[in-house]
Amino acid sequence: MRRRVLTTTKVLAVALAVAPACTKPEARHDTESTATVSAAASVPAARPDDATLATLRTELDGMKREDALAKVAHFRPLCDEAGFPLVGNLARKVQNPSLQPSEVCAEVRLKKGR
Amino acid sequence: MLFELETVGGPLGRRLAHRRESVAGFAWDELAREAKEPAASDARIVWTQSAFSEYASAASFAEIASGLLAVGAPIDLSATAGDFVVDEIFHAELSARVAMALGGAVPLEVDLERLVRPPSSTDALVRVAELVVRTSCVGESLTVAVLRASRETARTSVVADVIARIVRDEAEHAELGWTFLDWADDRLSDVDRAHLGRIAGAAVSSFAPLFTRQCAGTGTLGVMSCDAFDAVFAEALIHRVETPLRERGISLRQ
């Protein structure tokens, strides 16, 4: 058999504790993407590496809920093929207006089921 | 290292699909919606530890299968022990899914090279007997009782269903211990039985604090209240561990 490059899927990931919600997000991408039902439910071509996932989660964390919901397709790589999160949520001491990865993935599964 | 789990999928996923077909069938979204703080935080700790316990049990059954093959045990006994490795991995995945639905695992520092306590005897049969007594007769027997009681506190159908699915297998895992001891009955000396009694006692002492971590003040989402825990544990120890061991000539020595 020929040599292959294997990609793995996280089924258990540690939820990270972060600074209070008033902390300025480290990274924020303003690239607009259209969140269509089909795009949100589609499977990423390949599993992104951990650094990419962490960056994407940080980006999600710095975004308002309604803005994030409009870009579910952009955040689709945070979820596995079946629509379950590849990264843990960010545990906070105070309520934050942003979406958690588990909520994005729930949205992905919801759209997938429609 | 921090405890996390990952899968390769593809052909391996397809091979195991019939064993884990129910994973997608659980209403994980419902659990995520219904989980409220502080119960969710307590539950994330318990379900992360549960995933690790199941993972460690998989390692124990792998050692038991290897030990049974080394002593020429009946082949269906050896094969069943090997099959339980898959069960335990599946339970680890189910526990992981619950933890992820509740927001993700808590950081759990683990040493994967020391999952199974090495047996102390130099005799191959007694070595595997030590592993079986510790894992099946004590660990799995107590797990069945604690999980059944935990199911009563679930308050969400998803957690109750996950626990029910795990309990279904764990009862068989405990039964393997008694089957092994019955098969090995005429091969074990009185000295061996006394030794196994000490092993069982040490196992109870070492497992008790682990099980105690399954309780918390909130008593929901599969986490027992600490008040309820003690009675369940004591009853299970007498009826599920001590009595069947005594029937096989092994006195639990604490």
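Is there a simple way to explain the interface of chain A and chain B in this structure?
Taken together, the contact between chain A and chain B spans 19 residues of the former and 21 residues of the latter. Each partner contributes to the roughly 1,900 Å² buried at the junction of chain A and chain B, and carbon and sulfur atoms together form 61% of this total. In terms of surface lost to chain B, no three residues of chain A exceed Val11, Leu12 and Val14 of chain A, which account for 40% of the buried area on that side. Where chain A touches chain B, the interface holds 3 salt bridges. Taking the shortest distance from any N to any O, the salt bridge between Asp29 of chain B and Arg109 of chain A comes out at 2.1 Å. At the level of elements, strand E1 (9–12) and helix H5 (101–113) of chain A are the ones that each hand at least two residues to the side of chain A that touches chain B. Of the residues contributing to the side of chain A that touches chain B, the split by class is 10 nonpolar, 6 polar and 3 charged.

Sorry, what's going on with empty space enclosed by the protein here?
Unoccupied space between atoms shows up once a probe the size of one water molecule is rolled over them. Tallied over the entire structure, the rule returns 1 cavity of 30 Å³ or more. Taken as a whole, the largest cavity spans an internal volume of roughly 90 Å³. What lines the largest cavity is simply Val11, Phe84, Pro85, Ser102 and Arg109 of chain A together with Trp28, Ala32, Arg97, Met100 and Ala101 of chain B. Going through the elements one at a time, H5 of chain A together with helix H2 (28–34) and helix H4 (75–101) of chain B are the ones with two or more residues in the lining of the largest cavity. With 3 residues, the single largest contributor to the lining of the largest cavity is H4 of chain B. Grouping the constituent residues of the lining of the largest cavity by class yields 7 nonpolar, 1 polar and 2 charged.

Got a minute to help me understand the confidence of the model for chain B in this structure?
Caution applies to low-pLDDT regions: their predicted coordinates should not be interpreted in detail. Residue and element names in this part refer to chain B. Confidence in the prediction for chain B averages 88 pLDDT; 91% of positions are at 70 or higher. Averaged over each element, pLDDT in chain B is lowest for H2 (80) and highest for H4 (95). Our summary of model confidence lists the complex with pTM equal to 0.73 and ipTM equal to 0.77.

What is the right way to look at the packing of aromatic side chains in this model?
Working definition: an aromatic ring pair is given by the centre-to-centre distance plus the angle between the planes. All told, the structure shown has 5 aromatic pairs over all chains when counted by the stated rule. With a centroid separation of 5.3 Å and 50 degrees between ring planes, the pair formed by Phe26 of chain B and Trp28 of chain B is classed as tilted. As far as the burial class goes, Phe26 of chain B and Trp28 of chain B line up, both buried. Look at Phe180 of chain B and Trp183 of chain B: their rings are 5.9 Å apart centre to centre, the planes differ by 50 degrees, and that puts the pair in the tilted class. Here Trp183 of chain B and Phe180 of chain B lie together in helix H6 (residues 157–184), a separation of 3 residues that amounts to about one turn. Each member of the pair, Phe180 of chain B as well as Trp183 of chain B, carries the same accessibility label: buried. Following the ring pairs from residue to residue traces out a cluster consisting of Phe3, Phe52 and Tyr55 of chain B. The ring of Phe84 of chain A has Arg97 of chain B sitting right over it, with the charged end atom 4.6 Å from the ring centre.

Conventions adopted
Residues numbered from 1 in each chain as written. Chains lettered and ligands numbered in written order. Predicted model: local features only at pLDDT ≥ 70, side-chain atom pairs only at ≥ 80, totals over all residues. Heavy atoms only, no water. Contact = heavy atoms within 4.5 Å. Buried area = accessible area lost by both parts, 1.4 Å probe. Salt bridge = Lys/Arg side-chain N within 4 Å of Asp/Glu carboxyl O. Helix = DSSP H or I, 4+ residues; strand = E, 2+ residues; numbered from the N terminus. Nonpolar A, V, L, I, M, F, W, Y, C, P; charged D, E, K, R; others polar. 1 Å grid on protein atoms, 1.4 Å probe; cavity = no way out; pocket = protein on both sides within 12 Å on 5 of 7 lines; lining within 4 Å. Points joined across faces, edges and corners; volume = space filled by probe spheres on them. pLDDT = per-residue confidence, 0-100. Phe/Tyr/Trp six-rings, centres within 6.5 Å; stacked < 30°, edge-to-face > 60°. Buried < 20%, exposed > 50% of the residue type's maximum accessible area, 1.4 Å probe, protein only. Lys NZ or Arg CZ within 6 Å of the ring centre and 35° of its normal.

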